[in-house]
Amino acid sequence: MSDHETGSMPSDEDLSLPKATVTKMIAELLPNDVTCAKETRDLIIECCVEFIHLISSEANEICEQESKKTIAPDHIISALKRLGFESFTEEVESVLKDHKQQQKDRERKVNKMVECGLSEAELLAQQEALFAQSREKFRTTQQ
């Protein structure tokens, strides 16, 4: 059972970011002839976790002041401004706009499946038929 399932919060030592992801991001930003030491990567991860903690704590405070129970994107943007990170807000708002568009696009895809007029069983049967065709095609090319 995870900490989340038991209701207890993870300790600060348990909070981190995936090292492989951070390493990839660092490598993409650095010139090809520059490398990053593991100690440096770990320090960057600690700084990122601390930044996330700072912003989320401030956003939570704003949320509580507004008598809300859920931190909304606007709370994050307000927290960035309160903490002196106004220069980040334009990029955050842009990413939020892109995210909302992706969500709409995802909903359209789901709606297409619903609007096709076929039941889930019929769609599954069509999928199985396509798999069978593909297997047969593969078998004939192997002979």
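Residues numbered from 1 in each chain as written. Predicted model: local features only at pLDDT ≥ 70, side-chain atom pairs only at ≥ 80, totals over all residues. Heavy atoms only, no water.

**Student:** Quick one: what's the story with the packing of helix H3 (residues 38–65) against helix H4 (residues 73–82), residue by residue and with numbers?
**Tutor:** At their nearest, the axes of H3 and H4 sit 8 Å apart, and the two run at 110 degrees to each other. Judged by the inter-axis angle, H3 sits roughly perpendicular to H4. Pair H3 / H4 crosses with right-handed handedness. Listed contacts from H4 to Phe51, Ile55, Glu58, Ala59, Glu61, Ile62, Cys63 and Gln65 of H3 are His75, Ile76, Ser78, Ala79, Leu80 and Arg82. Residues belonging to the contact of H3 with H4 are distributed by class as follows: eight nonpolar, three polar and three charged. (Axes fitted to C-alpha atoms, helices over the stretch in contact; angles between N-to-C directions. Helix = DSSP H or I, 4+ residues; strand = E, 2+ residues; numbered from the N terminus. Parallel < 35°, antiparallel > 145°, perpendicular 65-115°, else oblique. Left-handed = near helix turned anticlockwise from the far one by under 90°. Contact = heavy atoms within 4.5 Å. Nonpolar A, V, L, I, M, F, W, Y, C, P; charged D, E, K, R; others polar.)

**Student:** A description of the nonpolar core should follow, citing residues and the corresponding values.
**Tutor:** Among the nonpolar cores identified, the biggest contains five residues, and these are Ile55, Ala59, Ile62, Ala79 and Leu80. Looking at this core, the elements that each hand over two or more residues are H3 and H4. Broken down by element, the residue count for this core peaks at three residues, all from H3. (Core = buried A, V, L, I, M, F, W, Y, C linked by side-chain atoms within 4.5 Å. Buried < 20%, exposed > 50% of the residue type's maximum accessible area, 1.4 Å probe, protein only.)

**Student:** Let's hear about the side chain of Arg41: which residues, and what values?
**Tutor:** Its place among the elements puts Arg41 in helix H3. A relative accessible area of 15% places Arg41 in the buried class. In contact with Arg41, not counting residues within four places along its chain, are Lys19, Val22, Thr23, Ile26 and Cys36.

**Student:** Account for a negative patch on the surface, naming residues and giving values.
**Tutor:** Together, Glu66, Asp74, Glu90, Glu91, Glu93 and Asp98 give the surface a local cluster of negative charge. Counting residues per element, the negative patch draws most heavily on helix H5 (residues 86–115), at four residues. Positionally, Asp74 belongs in helix H4. (Patch = residues over 30% accessible without salt bridge, like charges linked within 9 Å, V, L, I, M, F, W, Y side chains within 5 Å. Areas by Shrake-Rupley, 256 points an atom, 1.4 Å probe, with all protein chains shown as cover. Salt bridge = Lys/Arg side-chain N within 4 Å of Asp/Glu carboxyl O. Lys, Arg positive; Asp, Glu negative; His and termini not counted. Charge placed at Lys NZ, Arg CZ, Asp CG, Glu CD.)

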